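# Secondary and tertiary structure notes
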Amino acid sequence: MSEIITCPSGLSGRIRGMKVREERVLADRRLAKSGGQVDELLAACWEETLDAGPYDFGEKPIDWGVVLQGDRFFALLQIRALTYGPTYAFAINCQSEACRARIEWELDLAELPCRPLSEESRAALLAGNRFETALPDAGKRVWFRLLTGADERKLPQLRRNAGDQLLSAMLAFRVLEVEGIEARDKKKFIEDLSLRDADFLVDEFDRVDCGVDTGIEIECPECFATQEVDLPFDRTFFMPGKERAARRRGRTSSFQG
Ligand SMILES: [Zn+2]
């Protein structure tokens, strides 16, 4: 069971579905926390590279650390769909304070919109993963980068360390340089940014990036409130059987209670 896929950047290769032996990867909590789980799965299920796209692996096998997050996630989705089919069922709680009902939702992964890497972005990536924009309030040019697999590995730690300063930590992580600002003053500059500039910058990150859009709209069957959610990805995404069992247990206990 294998399939040829082309990722948003043009990276193309042959993937296979997950096997029982990947259970070890999926069940390893330590791997999940370090972000290494995704790398292990990609390494296991990517059988060969047919077109390196914008990457240069030389004669070596694919290095998932330099591959864009958008490509990695696209490949993961395809591996998941190849293994279990494109239908993904999950449950979340309604966001309405007054309701909080458990919403069981199901969608077709193949229908999530996917944006290819633009020519402009490909050029910036090839020129050292350096993207330029200008902040409307601060009136300065800034250079930032798209996230790669190596960055993805650092995100759990970044989130832990950032506490309630996640926005400034994320911006500092991705901004390479600010016009007229010394590297040692970058952090302070970012903390002093207007929220409008910060919002603009996050929009710019998204605008030049590629990949699958995981923002979905769902409607609560109890209160009919529509809500924007980011598609949840926990271990059940790769082990739908465990989700099934958890739901069954949930029903049993609610009957007893
Ligand atoms: Zn509701």
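Figured I'd write up the structure that's included with this text.

Reading the values: the criteria
- Residues numbered from 1 in each chain as written.
- Predicted model: local features only at pLDDT ≥ 70, side-chain atom pairs only at ≥ 80, totals over all residues.
- Heavy atoms only, no water.
- Donors = N, O, S within 2.8 Å, 3.2 Å for Na, K, Ca; no water.
- Tetrahedral: all angles 85-135°; square planar, octahedral: opposite > 155°, others 65-115°.
- Buried < 20%, exposed > 50% of the residue type's maximum accessible area, 1.4 Å probe, protein only.
- Salt bridge = Lys/Arg side-chain N within 4 Å of Asp/Glu carboxyl O.
- Helix = DSSP H or I, 4+ residues; strand = E, 2+ residues; numbered from the N terminus.
- Patch = residues over 30% accessible without salt bridge, like charges linked within 9 Å, V, L, I, M, F, W, Y side chains within 5 Å.
- Areas by Shrake-Rupley, 256 points an atom, 1.4 Å probe, with all protein chains shown as cover.
- Pairing = 2+ DSSP bridges.
- Axes fitted to C-alpha atoms, helices over the stretch in contact; angles between N-to-C directions.

## What to know about the coordination of the zinc ion
- For the zinc ion, every protein donor is listed as Cys 94 (SG), Cys 99 (SG), Cys 220 (SG) and Cys 223 (SG), and the spread of their distances is 2.3 to 2.4 Å.
- If you look at the zinc ion, its 4 donor atoms make angles of 105 to 111 degrees with each other, and the shape they trace is tetrahedral.
- Every donor residue of the zinc ion comes from the same chain, spaced as C-x4-C-x120-C-x2-C.
- On the basis of relative accessibility, which here comes to 33%, the residue Cys 223 falls in the partly exposed class.

## Some points on the pattern of salt bridges
- Overall, the coordinates contain 14 salt bridges when judged by the stated rule.
- Between Glu 152 and Arg 72 there is a salt bridge whose closest N-O contact spans 3.2 Å. Of this pair, Glu 152 sits in helix H6 (residues 149-162) while Arg 72 sits in helix H4 (residues 69-84), placing them 80 residues apart in sequence. Side by side, Glu 152 and Arg 72 carry an identical accessibility label, which is buried.
- Between Glu 177 and Arg 130 there is a salt bridge, with the nearest N and O atoms lying 2.6 Å from each other. On the criterion of sequence distance, the pair formed by Glu 177 in strand S9 (residues 175-178) and Arg 130 in the loop between helix H5 (119-126) and strand S7 (131-134) is long-range, its members being 47 residues apart.
- Relative accessible area serves as the criterion here: at 34%, Glu 177 is assigned to the partly exposed category.
- Among the residues examined, Arg 130 registers a relative accessible area of 33% and is labelled partly exposed.

## So, a nonpolar patch on the surface
- A contiguous nonpolar patch, built from Leu 167, Leu 195 and Val 202 and spanning about 270 Å² of accessible area, is present on the exposed surface.
- A relative accessible area of 66% means that Leu 195 is categorised as exposed.

## Some remarks on the sheet that holds strand S8 (residues 141-144)
- Pairing is antiparallel across the open sheet formed by 3 strands, whose spatial order is S7-S8-S9. Each edge of the open sheet carries a strand with a single partner, namely S7 and S9. Going across the sheet, the axis of each strand differs from the next one's by a mean of 25 degrees, ignoring polarity.
- Pairing of S7 with S8 involves 4 bridges; the strand directions are antiparallel. Bridge pairing in S8 places Glu 132 opposite Trp 143.

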